[in-house]
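Spelled out, the chains give:
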Amino acid sequence: MYDYLFDLLEGMESPDDDLILKAMKNRCKNLQSTRAYLYQQLLKSLRNYNSKKNMHFNFREQLDTIEILQSKGLHKEAWLLIEKGLLLCKETFTPTYELIFLHYQKNAIQYLEENKKPIVRKQNNTQIIAAANFITGRQHIIEGYALSIQWLNNHFPLYDEQVKITSLELLSQLQEIAAQHEFDFGEKNLLYAGMANICRLHGRLDEAVQYQLVTIGLMEQIDLVQLNRESSYVGALLNLGSMYFENKQYDALENLIGKMTALKFQSASANMINTAVTYVLKIHLHSDTEQFETIRQYASEGETFFNENNSIPNITFDFHIRLLAFYIHTKQFDKALSKANFMLNSSYTHSQPSFHIHVRLMNLIIHYKMQHHKLLPLLFRNTYRFMSTYRHTYKT
């Protein structure tokens, strides 16, 4: 009956009780309860299937079994399961579940032999504090990384005094966490990336580079394909390249570009992002070192690539703004004006407000160089108002 009901439901776009009752005839007396029972059985089957594949299902199943055993007075069997669960938590870096197992252990201590209770109780308390500190540290890392990205996007260059104070306090806190706790790849990666971002925000670029190199070293130790981290790895290399550029470590940046040019990923998306990032880092390097003839060799090719590929918008527009600066430097003002208009008319909002300010400032330069004198007063006012909106304290 349940198989037949399942087949009926599967064949319908939306459930129709009248059609189901008509099809089932005398097989079902109460359709509502029959359907509810089928639903519960399906959920039970899915739970059983996933418990063999998913670590979290396995933990919850163990905890349910511990509760059943304790309720039946089988405390020795429950204790063995608790110890097994705690061991698995340590092996899999899952302190949240470790804390739950420790709670069950704490309640089960009363059923141990009297001479064992003090030692086990002390161990249990120590482990609870360690697991709680680990969870707290991990949360600080996650929030700290998110804040570091937010500050880089909205407060770089850094003028806000409150952000200066708060970010340095956070950096000190993250450094303390790094010294006190051992984390798995995910937390370590965010921890060192967050510290690198804050150092970069404060212009402490030597430190930023060192922290970012640790992040990249961590990523190079894992299976990027299996953990779906190929694109993240490219992003980490972009951050390192940006730090090299800001710190004027041009030789290191050139070596990094060579390394990235040789990289081949399994993911087509990662390969495309890597090519896009390589273009951006190249045009950064060659612009700052005034290698304009070198840029001329790949400018058209780069534009075609970004027009034909749906890259990350921030990366795409980073290339366009550098190309805009190249056109201004080489006095190709018609191309520069076309590029500036393209960016000004785009609906895309860059994560860094300063990007849009720089486009407007370059637009002013272009019109000045092209002697569009009647337009300049209006452009000055509009640019000033735009900058004031973002509270950037540039001299104007």
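Residues numbered from 1 in each chain as written. Predicted model: local features only at pLDDT ≥ 70, side-chain atom pairs only at ≥ 80, totals over all residues. Heavy atoms only, no water.

**Some remarks on helix α12 (residues 250–262)**
The first and last C-alpha atoms of α12 sit 19 Å apart over 13 residues, in line with the 18 Å expected at 1.5 Å per residue. Those residues of α12 lying buried are Leu253, Leu256, Ile257 and Met260. For α12, the buried positions fall inside an angular range of 105° around the axis, keeping them on one side. Of the exposed residues in α12, the ones pointing more than 90 degrees away from its buried face are Asp251, Asn255 and Ala262. Buried positions along α12 lie against α11 (230–246) and α13 (268–288). (Helix = DSSP H or I, 4+ residues; strand = E, 2+ residues; numbered from the N terminus. Expected span 1.5 Å × (residues − 1). Buried < 20%, exposed > 50% of the residue type's maximum accessible area, 1.4 Å probe, protein only. Arc of directions from axis to C-beta. Contact = heavy atoms within 4.5 Å.)

**Observations concerning helix α6 (residues 95–108)**
For α6, with 14 residues, the first-to-last C-alpha span of 19 Å sits near the 20 Å given by 1.5 Å per residue. Those residues of α6 that sit buried are Pro95, Tyr97, Glu98, Phe101, Leu102, Tyr104, Gln105 and Ala108. End-on view of α6: buried residues confined to an arc of 165°, all on one side of the axis. Of the surrounding secondary structure, the elements contacted by the buried residues of α6 are α4 (55–71), α5 (75–92) and α7 (117–154).

**Some words on unusual backbone geometry**
Not every positive phi belongs to a glycine, and Lys331 is a case in point at roughly 60°. Structurally, Lys331 can be placed in the loop between α15 (313–329) and α16 (333–345). Non-glycine residue Gln371 carries a positive phi angle of around 60°. For Gln371, the position within the fold is in the loop between α17 (353–369) and α18 (376–389).

**Some thoughts on the confidence of the model for the protein chain**
Of the residues in the protein chain, 86% reach a pLDDT of 70 or more, and the chain-wide mean stands at 88. For the protein chain, the element scoring lowest by mean pLDDT is helix α1 (residues 2–10), at 61; α12 scores highest, at 97. (pLDDT = per-residue confidence, 0-100.)

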